[in-house]
Each structure stands twice: as structure tokens, then as C-alpha cells.
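# Structural overview for review
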Amino acid sequence: MEKDELKILAQNLANPQGEKGIEIGEMMNATNISMTLESIKTLLIEDDERILEIGHGNAGHLKHIVSRAQNLKYTGIDISETMHNEARKLNKDFESQAEFVLYEGEKLPFEDKTFDKIFTVNTVYFWENPVEFLNEIYRVLKRDGTFVLTFGQKKFMETLPFTEYNFTMYSNSEMEQLVSKSHFKRMKISEKEEDIPSKSGNETIHRIYTVLTIKK
């Protein structure tokens, strides 16, 4: 891939826009699905809970969430208008259980202690003020709630050609340090490995990622 193409890919991974964004959204859903499913499993979702996903993309995985328990209420929040519209279009069957909210990426537009479970996959690289944003997540999470933060490890992410464009990458220790600066007090690290198709070509790459379970 040329430098300009890599820049456009990086921009669309951060904030998918237009036709290209829809295409990137489909690709992200496919390449991230195992990370997403692992995150959903780690949440230990129970009946009647309110779930928040930060950076839902096209939310092609929503069926995997609502099927895990009874009477769930899902909220997806994203900065991309393209993904907001795609998620609503793809998930018409779940209108009674799901809502999608467009926001500016800094303040979560919800009351304190709204959600039982919160998760996000592959968004932390784009947080402009990560400690403040973690404190926003802390604010909207219920007292006994769980927050699952899933990300590709720095050593792996640095091997990808597009991550030199506006990605902030973290090792496990750097992420632990970051979380410890926020209001959150407890966390548990789980490392995972898998082989996936690359985003910029036809080859297979070995991905190492972390599922971080964080509690108040």
C-alpha cells in the first residue's frame, strides 16, 4: 500500500466516513469479531442489564450480545455518523432493545451510574485524553459494574503499516499505568493470540491482544 492509502485507511479506522467508511466498517467487524466476542464473554452479561459499547462500528455483532441474557438494553455510542447510520440500518430487528447514539468523543452523554456493563474494542488508540475518558466511563458505570477494555498490544500494533498515523499504542504495563491514574481501582489482564487476515493485504498476521477487566 502507498503512504497516502495507508493514511486514508488509518483515518477510516479512527472515524469511518462515507462509502469507504462503510467498507472499512465491514472489514473491521470481520477482523475484530473474535476480539469483540471475547470481550462480550468476559462481561458475564446477566438478565435485565444495561450494556454500553463505545465505538460500535457497524454493530454487526449485536445479535451476539442480545442473545446472552433476557431483557437486556444495549446502547452503542460512536463518533462516526457513517457507522451510526450503518448500525441502525443493520440492526432494525433489535430496535426494541438497542439504541445508537452519536457523540463528539469526549463526554459520555449519560447520567451517572447508568450502565451495568461497558466495553470497547480497539478504540483506545484514538482517545485524545485517555485518563479523563476513563473517568467518564467510571462515572456512567454502576457501582458493581464491569468495564472491559480490549486492545492490540503495542509490540503487535507497531508491526502494522498504518499505525504510524495518529495511533497511540500501549503495552500491558503502559495500559495498567494509564488505568491506575484514573478513578478505577482494580483490573485483571488476560492475553490472547490469534491469526487473522491483514487489513492492508491478503496475508495472515499473528495478533496478540489484551482483554482488560476493570472494576470500580
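Quick summary incoming for the structure in this document. For clarity, every value in this text was computed on a predicted model and none was experimentally measured. Think of each chain on its own: its residues are numbered from 1, step by step along the sequence as written. Only residues with pLDDT of at least 70 get local features here, since the model is predicted, and only at 80 or more are side-chain atom pairs given and counted; chain-wide, interface and lining totals rely on the full set of residues. Only hydrogens and water are set aside; all other atoms, that is, all heavy atoms of the structure, feed into the side-chain values.

Each pair of aromatic rings taken from Phe, Tyr and Trp, with Trp reduced to its six-membered ring, is defined by centres within 6.5 Å and is described as stacked if the planes are under 30 degrees apart, edge-to-face if over 60, and tilted in the remaining cases. Considering all chains together, one arrives at nine aromatic pairs under this definition. The interplanar angle of 70 degrees and the centroid separation of 4.7 Å between the aromatic rings of F126 and F167 together place this pair among those described as edge-to-face. With F126 in the loop between strand 4 (115-121) and helix 5 (130-140) and F167 in the loop between helix 6 (154-157) and helix 7 (172-180), the pair connects residues that are 41 residues apart, well separated along the chain. Categorising residues by exposure relies on relative accessible area from a 1.4 Å probe, with only protein chains included: less than 20% of the type maximum marks a residue as buried, more than 50% marks it as exposed, and the intermediate range marks it as partly exposed. When its relative accessible area of 10% is taken as the criterion, F167 is described as buried. Plain terms: the ring middles of F162 and F167 are 5.8 Å apart, the flat faces sit at 55 degrees to each other, and that makes the pair tilted. Neither residue differs from the other here; F162 and F167 are each classed as buried. An aromatic cluster of at least three residues, connected via ring pairs, comprises Y125, F126, F162 and F167. Lying over the aromatic face of Y138, K216 brings its terminal NZ or CZ to 4.4 Å of the ring centre. Where helices and strands are cited, they refer to DSSP runs of H or I of at least four residues and of E of at least two residues respectively, numbered from the N terminus. Whether a charge sits over a ring depends on NZ of Lys or CZ of Arg being within 6 Å of the ring centre and within 35 degrees of the ring normal.

Along the chain, R207 falls in strand 7 (residues 204-215). Throughout this description, a polar contact denotes any pair of N or O atoms lying within 3.5 Å of each other; where both atoms belong to protein, one of them has to be capable of donating a hydrogen while the other can accept it, and for residues adjacent in sequence the pair is counted only when both atoms sit in side chains. Of the polar contacts made by the side chain of R207, one reaches the backbone oxygen of T31; its length is 2.5 Å.

All right, on to the sheet that holds strand 1 (residues 50-54) then. Whether two strands pair depends on DSSP finding at least two bridges between them. Here we have seven strands laid out as an open sheet, ordered 3-2-1-4-5-7-6, and mixed in their pairing. Pairing within the sheet leaves two strands with one partner each, and these edge strands are strand 3 (98-102) and strand 6 (186-197). The mean inter-strand angle of the sheet, taken between neighbouring strand axes irrespective of direction, is 15 degrees. Along the sheet, helix 2 (residues 18-43) contacts strand 1, strand 4, strand 5 (141-152), strand 6 and strand 7; its crossing angle with strand 7, the most-contacted strand, is approximately 25 degrees. Should any heavy atoms of two residues lie within 4.5 Å, those residues are counted as being in contact. In this description, a line fitted to the C-alpha atoms serves as the axis of each element, helices being fitted only across the stretch in contact, and the angle between N-to-C directions of two axes falls anywhere from 0 to 180 degrees. Sheet strands in contact with helix 5 are strand 1, strand 4 and strand 5, and its direction is about 145 degrees off that of strand 5.

Next up on the list: the packing of helix 2 against helix 4 (residues 81-90). At a minimum axis distance of 9 Å, the contact between helix 2 and helix 4 shows a crossing angle of 60 degrees. What the angle tells us is that helix 2 and helix 4 run oblique. Relative to helix 4, the crossing made by helix 2 is right-handed. Residues G18, G21, I22 and G25 of helix 2 lie in contact with helix 4, whose contacting residues are T82, M83 and E86. For this scheme, ten residues count as nonpolar: Ala, Val, Leu, Ile, Met, Phe, Trp, Tyr, Cys and Pro. Four count as charged, namely Asp, Glu, Lys and Arg, and the remainder, Gly too, count as polar. For the contact of helix 2 with helix 4, the residue count by class is two nonpolar, four polar and one charged. Relative orientations are named as follows: roughly parallel for angles under 35 degrees, roughly antiparallel for angles over 145 degrees, roughly perpendicular for angles from 65 to 115 degrees, and oblique for any other angle. With the far helix as reference, a near helix turned anticlockwise by less than a right angle produces a left-handed crossing, and one turned clockwise produces a right-handed crossing.

Attention now moves to the pattern of salt bridges. In the sections that follow, a salt bridge refers to a side-chain nitrogen of Lys or Arg positioned within 4 Å of a carboxyl oxygen of Asp or Glu. For the structure shown, the criterion picks out 11 salt bridges. Taking the shortest distance from any N to any O, the salt bridge between R139 and E136 comes out at 3.0 Å. Highlighted residues: R139 and E136, both in helix 5, separated by three residues, approximately one helical turn. Taking the shortest distance from any N to any O, the salt bridge between E174 and K154 comes out at 3.1 Å. With E174 in helix 7 and K154 in helix 6, this pair connects stretches of sequence that are 20 residues apart. Judged by its relative accessible area of 25%, K154 is partly exposed. Here the residues in one salt-bridge network are E38, K41 and K192, joined through shared partners.

Attention now moves to the nonpolar core. Definition of nonpolar core: a set of buried residues of the types Ala, Val, Leu, Ile, Met, Phe, Trp, Tyr and Cys, connected through side-chain atoms within 4.5 Å. I118, I137, F147, L149 and M175 are the most contacted members of the largest nonpolar core, which has 44 residues in total. When residues in this core are grouped by element, the largest group, five residues, is from helix 5. Ignoring anything within four residues of it in the chain, the contact list for F147 reads I118, F119, T120, W127, L134, I137, L141, F184, L212, T213 and I214.

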